[in-house]
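# Geometric and topological summary
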Amino acid sequence: MTKKHKKTHRTELLDIYETIYNTFGPQHWWPGETPFEVSVGAILTQNTNWTNVEKAIKNLKENNVLNAGKLHKLGTKKLASLISPSGYFNVKAVRLKAFLSYLTNHHSGSMTRMKRRDPRELRDELLTVNGIGPETADSILLYALDKPVFVIDAYTGRVLRRHGLASDDMTYHELQELFHTSFPADVQFYNEFHALFVRVGKEFCRPKPRCEGCPLEGFGS
């Protein structure tokens, strides 16, 4: 990518950010009381909506098991029943167990210890955990551990493609590099920008777009 293209992408991305920020304001995302809760939510939100995840997390809290030690000891079947509102609960129980084993074996069950590690090393490790792909790994890094990694999800990719900033064949890494090469590594900015993509994606840039009234209507045309 040339310097000219970088500058163009940066300008266009900033225009998008300022437009949707001025429309929606700060998003205060990701909802979660602790880094561990955010990490659990990042795994549970795969292939479902956040309302269902909230119900599953509520079950864990009401049963007083929402911490690494208790969940690690909890049986997989019991865990699956508690997180059933999130959908695909048997699969997600196995994935949560894999993450809990990783957290216990590599960081003594402590998110604080995990946070002290280099983000590139952490990302490589997380991607070896069963059921954790780039989006989930980056969500944990950014939202739970305050690491400056931009999260690419379906909403972000859809908005970028529909407004001419990305092509259909761009990989996760290539989409992520649009942000990493355009902006300084800034946790708060990455957090807010991604959250705003989620907001505009949920309300307007759906699989079947609802362009009328969208703050980005006409952008890039």
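Everything here concerns the structure above.
To start, this report covers the structure provided alongside it. (Residues numbered from 1 in each chain as written. Predicted model: local features only at pLDDT ≥ 70, side-chain atom pairs only at ≥ 80, totals over all residues. Heavy atoms only, no water.)

Following the sequence through the fold, histidine 194 ends up in helix 12 (residues 187-203). Setting aside its immediate chain neighbours within four residues, histidine 194 contacts Tyr143, Phe150, Val151, Asp153 and Thr156. (Helix = DSSP H or I, 4+ residues; strand = E, 2+ residues; numbered from the N terminus. Contact = heavy atoms within 4.5 Å.)

Moving on: the packing of aromatic side chains. Applying the stated rule across the entire model yields 18 aromatic pairs. With a centroid separation of 3.8 Å and an interplanar angle of 5°, the aromatic rings of phenylalanine 150 and phenylalanine 179 are classed as stacked. Taken as a pair, phenylalanine 150 in the loop between helix 9 (134-144) and helix 10 (154-162) and phenylalanine 179 in helix 11 (residues 172-180) lie far apart in primary sequence, 29 residues in all. The burial state of phenylalanine 150 is the same as that of phenylalanine 179; both residues are buried. (Phe/Tyr/Trp six-rings, centres within 6.5 Å; stacked < 30°, edge-to-face > 60°. Buried < 20%, exposed > 50% of the residue type's maximum accessible area, 1.4 Å probe, protein only.)

As a further point, take the pattern of salt bridges. Taken as a whole and judged by the stated rule, the model has 10 salt bridges. In this structure, aspartate 138 and arginine 123 form a salt bridge, with 2.6 Å as the shortest nitrogen-oxygen distance. Taken together, the residues span a long stretch of sequence, with aspartate 138 in helix 9 and arginine 123 in helix 8 (residues 119-126) at a distance of 15 residues. What makes aspartate 138 buried here is its relative accessible area of 0%. Of the charged contacts in the structure, one is a salt bridge between glutamate 203 and arginine 199, with a shortest N-O distance of 2.4 Å. Of this pair, glutamate 203 and arginine 199 are both found in helix 12, four residues apart, which corresponds to roughly one turn of the helix. Its relative accessible area of 26% is what places glutamate 203 among the partly exposed residues. Linked by salt bridges that have partners in common, Glu33, Glu37 and Lys61 make up one network. (Salt bridge = Lys/Arg side-chain N within 4 Å of Asp/Glu carboxyl O.)

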